[in-house]
Amino acid sequence: MAIATASAVPTSVLKPKNSITVIDNRTGKSIDIEITNNSIPATAFSQLKAPYADGERPENDTPYGLRVLDPSFINTAMIQSEITYIDGNKGFLMHRGYPIEQLAEKSSYLETAYLLIYGELPSKSQLDLWSWEIMHHTFVADDLQQMIRQMRYDSHPMSVFISAFSAMSAFAPEANPALQGSDLYITNKPLMNKQIVRILGKATTVAAMAYRIRINRPFTPPRSDLSYTENLLYMMDHMAEPNSYRPDPRLAKALDILFVLHADHEMNCSTSTMVHVGSSLVDPYSCVAAASAALYGPLHGGANEAVIRMLAKIGSVENVPDFLERVKQKKELLFGFGHRVYRETDPRSKVIREVAEMVFEVCGREPLIEVAIALKDAALKDEYFTSRKLFPNVDYWSGLIYKAMGFPLDFFPVLFVVPRLAGYLAHWKQQLDSGKNKISRPRQVYVGKGRRDYIPVEAREERPITGKNGLNAIPHYISKRRLTKI
Ligand code: CMC
């Protein structure tokens, strides 16, 4: 941890090279902050305290120390991590030191998951045991199955997935720190490992169930003799074929590569949610439900679904220029483009283009690919997109592959979240194993009303029901109906 020192007067004496000096011009006070791994601790700034300026709001808390404001975490690191590194300027991604291209080509999803979670590639016997454990934790309790079955046929599969994981917490009291003691995962590492294999094992079963509800078919029991992605495809697709039925190995392999590509991506919206929620020491099932909910949004893992809806809306190549014009007028978003970290290229999207061709060979060419290519080519030539460094991200192509493979649109985010569980669990474990877990509790800068006294309702000024008081969000007829009932 970097150490900050304070002095009353800024000096010109030589400072340690690996530090910065910050001068608070309100007071003349300076602090030297050590730079570690090209980062400084935000807490150092809390030493910069000043008296309130004339007329300053007391809610600024100025005498209590300077705050660092970074909405949306544009430049604030939440953790120190040993798991994944992204060089956004070069379009480079590696897990535990291994470049993603090598893992996509040579590894498998379960092996990559082990690497992410435990830090090293497994030996042969470790991999066998790891795979065996996961594939023998695929069954979902009967009563949980019944609960899942109650979901409506048109439920979004992500809603089913999130609900199932949330409920799973109720089915594992032995894994619940609220019941077993708050230090459960700090002290009981075998129990932690057991939850890791249970979560990875059950994820595909729950995913397949979310799909089977959709098509109004009974759930298919998992098969432990198949690979991870084969088993997922089997549970989704098995109907009246003999039990020896196996999904097409080329599609299972393509899905496995996609799973490797999605396994982790450092501090994105959902993984940071996992770390944030996990820091409270709640059980990992609740953490996974929360992280999955964060992934579901269209700006994150829901983008692969949004891309196809966008391409379908564009319809054909000749409509591309009009659509791009609307994007530039900020009337539309170009889904599958842009990234907070990558500024040149997303290395996963290159691999994914190759997987797309693999899948098209088996399933036929997805007709929307022509629109996708024309849209990408036009955007990459347009100054609006190049100047903002916008280019296709992983979701731009993955949706086309999933569509060609026959998955329904709203299942796409499930195919993102299932593999991402490896990354969630790796970060959850890293946090709890670090011995430095502290509850995540961001600060805020309060810009609301100052202190004021309560006014009884009779004494308040009359205001219309619609207008700036926000009540216009409530449909009028409902308020009227409720009033009538009263
Ligand atoms: N279409 C049109 N304009 C865009 C897009 C886009 N997809 N992405 C960014 N911009 C514009 C944005 O409006 C802004 O313009 P201006 O400077 O005129 O205000 C500029 O580019 C900078 O963008 P930003 O808002 O600072 O970017 P961000 O880092 O906050 O957001 C993003 C990143 C991925 C949410 C955003 O690029 C986006 O909404 N993309 C579409 C959704 C998407 O594909 N999401 C999947 C992300 S990759 C997988 C994952 O990690 O989940």
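Okay, so let's go over this structure. What you see is a predicted model; the values in this text were computed from it and never measured. (Residues numbered from 1 in each chain as written. Predicted model: local features only at pLDDT ≥ 70, side-chain atom pairs only at ≥ 80, totals over all residues. Heavy atoms only, no water.)

## Here's the deal with the overall build of the chain
Where we set the bar: Here a helix means four or more residues in a row that DSSP labels H or I, a strand means two or more in a row labelled E, and each is numbered from the N terminus. We call a residue buried when its accessible area falls under 20% of the maximum for its residue type, exposed when it is over 50%, and partly exposed in between, using a 1.4 Å probe and counting protein chains only. Here, residues are in contact when the closest pair of their heavy atoms is within 4.5 Å. We treat Lys and Arg as the positive residues and Asp and Glu as the negative residues; His and chain ends play no part in the count. All charge positions are set by atom: Lys at NZ, Arg at CZ, Asp at CG, Glu at CD.
Along its length, the chain carries 20 helices and 6 strands. With 486 residues in all, the chain has 45% of them scored as buried. Taking the contacts inside the chain whose residues are at least 6 apart along the sequence as the reference set, 69% of them involve residues at least 24 apart. Here the chain carries 57 positive and 52 negative side-chain charges, and the mean point of each set is 5 Å from the other.

## With respect to the packing of aromatic side chains
What characterises a pair of aromatic rings is the spacing of the ring centres plus the angle enclosed by the ring planes. So the rule is basically this: Two rings from Phe, Tyr or Trp (for Trp, the six-membered ring) form a pair when their centres are within 6.5 Å of each other. A pair whose planes differ by under 30 degrees is stacked, one over 60 is edge-to-face, and the rest are tilted. Counting as a charge over the ring demands two things of the Lys NZ or Arg CZ atom: a distance within 6 Å of the ring centre and an angle within 35 degrees of the ring normal.
With the rule as written, the count across this model stands at 17 aromatic pairs. The structure contains a cluster of three or more aromatic residues connected by ring pairs, namely Tyr211, Tyr402, Phe407, Phe411 and Phe412. Geometry around Phe219 places Arg149 over its ring, the cationic atom sitting 4.5 Å from the centre. A cation over an aromatic ring shows up here: Arg223 above the ring of Tyr234, its NZ or CZ 4.8 Å from the ring centre.

## So, the pairing of strand β2 (residues 19-24)
Each regular strand shows side chains that alternate between the opposite faces of the sheet. Stated formally: Strand pairing is assigned whenever DSSP detects at least two bridges linking the two strands.
Relative to strand β3 (residues 29-34), β2 is paired through 6 bridges, and the arrangement is antiparallel. Bridging across to β3, Val22 finds its partner in Ile31. Linkage of β2 to β3, two consecutive antiparallel strands, is achieved through a turn of 4 residues, within which Gly28 is found at a positive phi near 80 degrees.

## Things to note about the side chain of Asn393
Mapped onto the elements of the fold, Asn393 is located in the loop between α17 (383-387) and α18 (394-404). Under the relative-accessibility criterion, Asn393 is labelled buried at 8%. Dropping the residues within four chain positions of it, Asn393 is found in contact with Gly336, Phe337, Gly338, Asp346 and Ser349.

## Examining helix α11 (residues 269-278)
Residues spaced three or four apart along an α-helix point in a common direction, a consequence of the helix completing one turn every 3.6 residues. Within α11, 7 of the 10 residues are buried, which leaves it mostly tucked inside the rest of the structure. Regarding α11, the residues found buried are Ser270, Thr271, Ser272, Thr273, Met274, Val275 and Gly278. Of the surrounding elements, those touching the buried residues of α11 are α12 (284-296) and α19 (412-433).

## Some points on the pattern of salt bridges
Side chains carrying opposite charge are able to pair once their charged atoms draw close together. Applied cut-off: By definition here, a salt bridge exists when the distance from a side-chain nitrogen of Lys or Arg to a carboxyl oxygen of Asp or Glu is within 4 Å.
This model, assessed by the stated rule, comprises 26 salt bridges. A salt bridge links Asp61 to Arg67; its shortest N-O distance comes to 3.4 Å. One salt bridge connects Arg152 with Asp154, and the closest N-O pair in it is separated by 2.8 Å. Judged by its relative accessible area of 35%, Asp154 is partly exposed. What you see here is one network of salt bridges that share partners, running through Arg353, Glu357, Arg365 and Glu370.

## Let's talk about the sheet that holds strand β5 (residues 92-95)
Strands in a sheet are paired, the pairing made by backbone hydrogen bonds, and the direction either parallel or antiparallel. Taken together, the 3 strands give an open sheet; going across it, the order is β4-β5-β6, and neighbouring strands pair in antiparallel fashion. In this open sheet, the two strands that pair with only one neighbour each are β4 (84-87) and β6 (98-99). In terms of strand pairing, β4 meets β5 through 4 bridges, oriented antiparallel. The residue bridging Thr84 from the neighbouring strand is His95, located in β5.

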